[in-house]
Each structure stands twice: as structure tokens, then as C-alpha cells.
Amino acid sequence: MRDTPHQTDVLVVGGGLAGMIAAASFARSGFSTLMIDPQRPVTDGTQTGADFRSTAFLRPARALFERIGVWEALAPFATPLEGLRIVDTRAGALRGERQFEGRETADAPFGWNFLNWVMRRELSRVLPQIAGLSLRYGVGFRTIVTRSSQAVVTLDDGSRVVAKLVIAADGRESALRKAVGIDVKTTHYGQKSLAFTATHDRPHHNISTEIYREGGPFTMVPLADIDGSPASAIVWMNSGAVAQDLQNMAPVAFNARMSERAAHLYGDMRLASPRGLFPIITRTARDLAAERVALIAEAAHVLPPIGAQGLNTSLADVTLLLDLARAQPQNLGDSAMLADYARTRARDIGPRAQAIDVFNRVVRSEGALLQWVRLNGLKAVHDIPPLRRAIMQAGLGPARARK
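Remember, it's a predicted structure, so these values are computed and weren't measured experimentally. (Residues numbered from 1 in each chain as written. Predicted model: local features only at pLDDT ≥ 70, side-chain atom pairs only at ≥ 80, totals over all residues. Heavy atoms only, no water.)

Draft legend 1. Layout of the overall build of the protein. Helix and strand content of the protein: 12 helices and 20 strands. For the protein, buried positions account for 55% of its 403 residues. Across the protein, every contact between residues at least 6 apart in sequence was considered, and the portion connecting residues at least 24 apart equals 73%. For the protein, the exposed surface amounts to about 16900 Å²; the carbon and sulfur share of it is 52%. (Helix = DSSP H or I, 4+ residues; strand = E, 2+ residues; numbered from the N terminus. Buried < 20%, exposed > 50% of the residue type's maximum accessible area, 1.4 Å probe, protein only. Contact = heavy atoms within 4.5 Å. Areas by Shrake-Rupley, 256 points an atom, 1.4 Å probe, with all protein chains shown as cover.)

Encoded structure:
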């Protein structure tokens, strides 16, 4: 006799940051929710597999965190981002810079930066306390059968889950997305990014700095001091071969190269964590929903790490899906709800992915013409106030997510 299936309103497949936030969001809103993941989150920075990247959560993300009651737990570990400094260089020489102030568009910073492993740790403490939320680690997705009223998901331990809505949050190689037959479009750039933490001589004053040069941007996002020294999370984009060489470089030589790449704006810089190496692609799912299934986060879209668009775009997915569910809870996961979700998010994700694609190509270019466009485009965007404010608002995400 087969085991009785687990009955739930919402099944979240994938326990990364987006999956954890989605699970908390739906459970806090009164929907019974089960989250599954084959691996427990790594919540200690000394453990193998710790994610030393950081995420700058923009204002709409904080609004969602406050709405679902997790911001109070997260806030002590947040570094505010008061502004964004854009610096254009060529061969290490400073050509121009502009600074965008967060409080020009609201009485608040642009966002708040968290180390990813710290975020996982704090969410792992909060999630078990949320009523209506069940967590199952060590088990993953195997198959799905959908009907007009529900989905039946078989897990890889043979157990089954019956849910009204199944959320695919299982990453860029999503097994759930593949199982429901949704294809993807992928653009490869031949780039990789190094992600790590560094300390530096000069304070960052809670300003995030992006330094443009051939190969891609070098981004410094403020963190709390480390052992009394100012610290930043670094994302350093390069061609794949250059990035691999940097990954393998001895720390002393790496520190010198890093300080030079940062145009010595923050003095000498020192590696303060292991280095992670990540391929740079743009990937978008050709649809964002199937019967009883919604795609979110990297199951739906993968963007280059520019302008803090990655996870913030994912949280816009969660926010819309939650809004639709709360508006008509009796229709959770039905075809009309998911069609609305897919249509609305596609209008944001498609243009956003295209804009980041173009931006990445311009920023990394070694051609004189595109470098001229890069420099003068920066000046125009900043120096024309209505254009500056429009770009800043667009960067925060769709209007609905900013409410």
C-alpha cells in the first residue's frame, strides 16, 4: 500500500534564497506550504560550500521582508547602500565618474547588502518558526502529474505531495521546469565573475562602486568592517580565461592586481574570503508557467550580475505571485492566475534582460566607439535629472513590486 500523500496548498521546489523567501511569504499569508531541497543550506562561513557572494536587496525587497515578518531578524546583518558611484576607466586611468544618491527618489537608501551565507543562516532560523510551513531537506523533485485542480509531485524518496500550486525555485538547471516542458533561451558571453570579500584601506561610506573597464565591471558593495578594516563584497567580471587565471593567482599577486583594477580608489585591497567563480549568461524561460506550476528566480531567468538585478528580479516574481494568490485565494494555482502571472512578469523580465545584455556588451567592450558611448552615456544619464530619476526608478524594479 502506498503512503498517503502530503496535502498542501503550495509546494516550493528548491531551498535557495528565493525558495526560502517564497516559502516564508506564502506560509505567512495563510497558505499551507511545504519547501523541499536535496541539501540543507550552508549557514556557516567556515564550511565547505558557503556562498561568499552578497546580495544587495533593493527597497521593494525590504517591503516584502517587512510584509512577511522577517525583516526584524535580518536587519542587524544589513549594510545600507546610500548611493551608487559609477567610475569609468581605461587601462587603469580614470576617465570620469558620477554618483547616484538613493535619497533622491525616497527617504531611504537604495537597498541593503547581505552576505548570502549570512542571509541563509538567518532565514534558516526564522523559517521553522512560521506556522503552516513545513521543511523537508535531503529530498528532491522526481516527477509531476498535473490536473486542472491540483498537481501530484513524486519526490526522489518515493513519497508524494499533492498541491494546488507548485513553485519551481530549483535553479538555472531546474528539473521541474524541464519536467513540464518549458524551454529556455540562453546567451553566452565567454565571461566569468569572481565573487569574494575584500578589505581595503579607505572607508566606503556605504556607497556601492562600479568601476567600468574592458572585460566587464568591477563592483564593490559595502559590508560591515572586518577586524576593524573597511570591507566590501566584490564581483569582478572578466573573460573566462582571465577570470580563471585570477582564481588561481597567489593571494599577494591577486591583491596587487585587485587594487590596480579598482584604480586604487580605496587604497590597498586584501582578499578576505575564498574566491568563487561563476559563468556569466543570460537565460530566460520561454514561458513562466505551466498547469499548476509557476517558475521563479533562476528557474525563470538568469541575468549577469549587474545593477543588483538578479535576486531582486526574483523577489518581484514572488511578490506578484503572492499578490495574485492573496487577491483570490480560492483560485490558487488555477489557469487564470498563472496566465496573469506569466504575462505580467514577462513584460518586465524580457526588457530587463535585454537592457542588461546590451549594457554588459557596452561595458566590457575594448572598442573605442563603445567606450566613448559608455563614458558619455554615463554622463548623460546622470546629468539630465529627469532621465537620472527614471533610470533609478527602473533599476528598483517594476512599479507593482515597489509598492
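Draft legend 2. Highlighting the pairing of strand β3 (residues 54–58). With four of five residues buried, β3 is to be regarded as a mostly interior element. For β3 and strand β7 (residues 111–115), the ladder comprises five bridges, and the chain directions are antiparallel. Note on β7: the bridge partner recorded for F57 is W112. (Pairing = 2+ DSSP bridges.)

Draft legend 3. Up close: the packing of helix α1 (residues 17–28) against helix α4 (residues 116–126). In the contact formed by α1 and α4, the axes pass within 10 Å of each other and the chain directions differ by 30 degrees. Of the possible angle classes, the one that applies to α1 and α4 is roughly parallel. As α1 packs across α4, the resulting crossing turns out to be left-handed. Note on element contacts: α4 touches α1 through N116, M119, R120, L123, S124 and V126, opposite L17, M20, I21 and R28. Class assignment of the residues belonging to the contact of α1 with α4 gives a composition of six nonpolar, two polar and two charged. (Axes fitted to C-alpha atoms, helices over the stretch in contact; angles between N-to-C directions. Parallel < 35°, antiparallel > 145°, perpendicular 65-115°, else oblique. Left-handed = near helix turned anticlockwise from the far one by under 90°. Nonpolar A, V, L, I, M, F, W, Y, C, P; charged D, E, K, R; others polar.)

Draft legend 4. Expanded view of the sheet that holds β3. Spatially, three strands are ordered β3-β7-β4 in an open sheet, and the strand pairing comes out antiparallel. Single-partner strands in this sheet number two, and they are β3 and β4 (79–81). Ignoring strand direction, the axes of neighbouring strands in this sheet form an average angle of 30 degrees. When β4 meets β7, the two strands line up antiparallel, connected through three bridges. Looking at β7, one finds that P80 is bridged to W112. Here helix α2 (residues 59–67) sits on the sheet in contact with β3 and β7, set at roughly 85 degrees to β3.

Draft legend 5. Region of the structure containing helix α7 (residues 251–261). Listed in full, the buried residues belonging to α7 are F254, N255, M258, S259 and R261. When α7 is viewed along its axis, its buried side chains cluster within an angular range of 160 degrees and face the same direction. Of the surrounding elements, those touching the buried residues of α7 are β12 (184–200), β13 (207–212), β14 (218–226), β15 (229–239), α6 (240–248) and β16 (269–271). In the segment just after α7, A263 is the residue with positive phi, at about 55 degrees. (Arc of directions from axis to C-beta.)

Draft legend 6. Up close: unusual backbone geometry. Although it is not a glycine, H205 sits at a positive phi angle of roughly 55 degrees. By the element assignment, H205 lies in the loop between β12 and β13. For N206, which is not glycine, the phi dihedral falls at a positive 60 degrees. Following the sequence through the fold, N206 ends up in the loop between β12 and β13. On the accessibility criterion, N206 (23% relative accessible area) is partly exposed.

Draft legend 7. Representation of the pairing of β13 in the model. Burial within β13 is extensive, with six of its six residues counted as buried. The alternating pattern of β13 places I207, T209 and I211 and S208, E210 and Y212 on opposite faces, both of which are buried. Pairing of strand β5 (residues 83–90) with β13 involves six bridges; the strand directions are parallel. Bridge pairing in β13 links R85 to T209. In this structure, β13 lies alongside β14, joined through three bridges in antiparallel fashion. Residue pairing across strands places E210 opposite T219, the latter belonging to β14. Where β13 folds back onto β14 in an antiparallel hairpin, the turn is made up of five residues, including G215, whose phi is positive at roughly 100 degrees.

Draft legend 8. Quick look at the pattern of salt bridges. Following the criterion strictly, the structure yields 16 salt bridges and no others. The residue K164 makes a salt bridge to D9 at a minimum N-O spacing of 3.8 Å. Here the residue K164 occupies a position in strand β11 (residues 160–168), and D9 occupies one in strand β1 (residues 6–13), the gap between them amounting to 155 residues. For K164, a relative accessible area of 40% gives the class partly exposed. On the accessibility criterion, D9 (17% relative accessible area) is buried. A cluster of three or more residues bridged by salt bridges with shared partners is formed by D317, R345, D348 and R352. (Salt bridge = Lys/Arg side-chain N within 4 Å of Asp/Glu carboxyl O.)

Draft legend 9. Layout of the packing of aromatic side chains. Tallied over the full model, the rule gives nine aromatic pairs. Arranged with centres 5.2 Å apart and planes meeting at 70 degrees, the rings of F57 and F65 form a pair that is edge-to-face. Across this residue pair, the class does not change: F57 and F65 are buried. Geometrically, the ring pair formed by W71 and W112 is edge-to-face, given 5.6 Å between the ring centres and 70 degrees between the ring planes. Placement of W71 in helix α3 (residues 71–74) and of W112 in strand β7 is noted, with a sequence separation of 41 residues between them. The class of W112 is buried, set by a relative accessible area of 8%. An aromatic cluster is built from F57, F65, W71, W112 and F114, whose rings are joined through pairwise contacts. The positively charged end of R53 is found above the aromatic ring belonging to F278, 4.3 Å away from the centroid. (Phe/Tyr/Trp six-rings, centres within 6.5 Å; stacked < 30°, edge-to-face > 60°. Lys NZ or Arg CZ within 6 Å of the ring centre and 35° of its normal.)

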